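Structural description and commentary
One-letter residues, chain by chain:
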Amino acid sequence: MELLHQSNEIWLYRIKQLFIFGYRQAMSCIFPVIIFATLALTKVVSIPYFHRYDLLLLICLIAQVSMVAFKLETIDELKVICMFHVIGLLLELYKVHMGSWSYPGEGWSKLLGVPLYSGFMYASVASYICQAWRRLSISVYGWPRQWHTVLLSTAIYLNFFTHHYLWDFRWALTILLIAVFYRTSFTYRVGDRTYRMPVILSFLLIGFFIWLAENISTFMGAWAYPDQEHTWHLVHLSKISSWFLLVVISVIIVAQLKHVKSARDGGSPSL
């Protein structure tokens, strides 16, 4: 009977830990959820004389301002998010120009065929990483040398552009990534316990969930790949590798900025 009681307590503790972890993850996903909800809403509801892409941009701007005003995001987190907005928008402009995907709808806020709201989709990834880092009290162990991470993230980002003209180096970069980060791990705190996860696994998990989100987004008409213009179907699994590498860039930038802020403040790393 005592063993049964202890077993029940263990299961209750695990359920409690899972609930706390899920709640903190959900709170970290507020910005992405707002974008998904807006995509769903604007798919079925339209405002006369107001294009969908323009409405998406307006709601994203209101959401961003509100998150800072209600202290769901800090000013430093906002700076990181704005940086990712620019990085993502530059990538979007190039990829749309090269025909990798398209935004077929009309909009006043389109620049060279790219609606400006699209930058917020990349910014939402940065928002999640920043908030999860803070809410789960993430610490890093075995972080590579700075010049390793800077060169690697630069090479990954450039490959998104150059693979249209040169060989696609994504798999070579993935092997290099594993070699650089195989000793690196994150620790995160849930309740009264600290857990550890290899950083490569965290990159892969986030990339996989972004791929799932991408399927939802394309289904709701956020954008369309060339083979989705007439009939929607599942985004190819190979896109997980692209998101995996993009997540690497995101985490490296956030980690480096936290390191700089920590050194400046003389305290624990936190945005």
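Before going into details, it helps to say that this report is about the structure given with it. (Residues numbered from 1 in each chain as written. Predicted model: local features only at pLDDT ≥ 70, side-chain atom pairs only at ≥ 80, totals over all residues. Heavy atoms only, no water.)

Considerations on the overall build of the protein
Under the convention used in this document: Runs of H or I in DSSP of at least four residues are treated as helices and runs of E of at least two as strands, each being numbered from the N terminus. Radius of gyration: C-alpha atoms only; globule rule: 2.2 Å multiplied by the number of residues to the exponent 0.38. We call a residue buried when its accessible area falls under 20% of the maximum for its residue type, exposed when it is over 50%, and partly exposed in between, using a 1.4 Å probe and counting protein chains only.
Along the backbone of the protein there are 9 helices and 5 strands. Whereas a compact globule of 271 residues would reach a radius of gyration of roughly 18 Å, the protein reaches 20 Å, a difference of no more than 12%. Expressed along its principal axes, the backbone C-alpha trace of the protein runs to roughly 65 × 40 × 40 Å. Among the 271 residues that make up the protein, the fraction classed as buried is 45%.

A closer look at the environment of Gly191
The condition is simple: Note on contacts: a residue pair is in contact if any heavy atoms of the two residues lie within 4.5 Å.
The topology assignment puts Gly191 in the loop between β4 (185-190) and β5 (193-198). Considered as a pair, Gly191 and Gly207 are 16 residues apart in the sequence and their alpha carbons are 26 Å apart. Among residues more than four places away in sequence, those in contact with Gly191 are Gln17, Ile20 and Arg24.

With respect to the nonpolar core
For clarity, the cut-off: Nonpolar core, defined: a set of buried Ala, Val, Leu, Ile, Met, Phe, Trp, Tyr and Cys residues in which side-chain atoms within 4.5 Å join the residues together.
Within the largest apolar cluster, 68 residues are counted, with the highest numbers of intra-cluster contacts made by Tyr103, Tyr117, Trp133, Ile156, Phe160 and Phe203. Of the residues forming this core, the biggest block, 13 residues, is contributed by helix α9 (residues 239-265). Filtering out sequence-adjacent residues up to four positions away, Phe203 remains in contact with Leu177, Phe181, Phe244, Val247, Val248 and Val251.

Some words on the packing of helix α2 (residues 30-44) against helix α8 (residues 199-219)
So the rule is basically this: Axis lines are fitted to C-alpha atoms, over the contacting stretch for helices. Their N-to-C directions set the angle, which ranges from 0 to 180 degrees. Roughly parallel means an angle under 35 degrees; roughly antiparallel means over 145; roughly perpendicular covers 65 to 115; every other angle is labelled oblique. For any helix crossing, the convention is left-handed if the near helix is rotated counterclockwise from the far helix by under a right angle, and right-handed if that rotation is clockwise.
Where α2 contacts α8, the two axes come as close as 10 Å, and the packing angle between them is 20°. On the basis of their axis angle, the class for α2 and α8 is roughly parallel. α8 is crossed by α2, and the crossing has left-handed handedness. Contacts between α2 and α8 pair Phe36, Leu39 and Lys43 from the former with Ala213, Ile216, Ser217 and Phe219 from the latter.

Re the pattern of salt bridges
Stated precisely, the cut-off is as follows: Just to be clear on terms, a salt bridge is a Lys or Arg side-chain nitrogen sitting within 4 Å of an Asp or Glu carboxyl oxygen.
Applying the stated criterion across every chain yields a total of 3 salt bridges. Among the salt bridges present, the one from Lys79 reaches Asp76, with a minimum N-O distance of 3.5 Å. With a gap of 3 residues between them, Lys79 and Asp76 both fall in helix α4 (residues 75-97), about one helical turn apart. Judged by its relative accessible area of 22%, Asp76 is partly exposed. Across the pair Arg134 and Glu77 runs a salt bridge, and its minimum N-O distance is 2.8 Å. Residue Arg134 is found in helix α5 (residues 118-135), and its partner Glu77 is found in helix α4; the two are separated by 57 residues along the sequence.

Notes on the pairing of β4
Within a regular beta strand, the side chains point alternately toward one face of the sheet and then the other, so they alternate between its two faces. Inclusion rule: Only strands joined by at least two bridges in the DSSP assignment are considered to pair.
Among the 6 residues in β4, 5 count as buried, and that is most of the element. One ladder, built from 6 bridges, connects β4 with β5; its direction is antiparallel. Across the sheet, residue Arg189 finds its bridge partner in β5, namely Thr194. Here β4 hands over to β5 after 2 residues, with Gly191 in that stretch at a positive phi of 65°.

Observations concerning the packing of helix α6 (residues 146-162) against helix α7 (residues 170-181)
Heads up, the condition is: Any residue that is not Ala, Val, Leu, Ile, Met, Phe, Trp, Tyr, Cys, Pro, Asp, Glu, Lys or Arg is counted as polar, Gly included; the first ten are nonpolar and the last four charged.
The contact between α6 and α7 brings their axes to 11 Å, and the two run at 160°. The angle between the axes of α6 and α7 places the two elements in the roughly antiparallel class. Between α6 and α7 lies a crossing of left-handed hand. Contacts between α6 and α7 involve His148, Thr149, Leu152, Ala155, Ile156 and Asn159 on the former and, on the latter, Arg170, Leu173, Leu176, Leu177, Val180 and Phe181. When its residues are assigned to classes, the contact of α6 with α7 shows 8 nonpolar, 3 polar and 1 charged.

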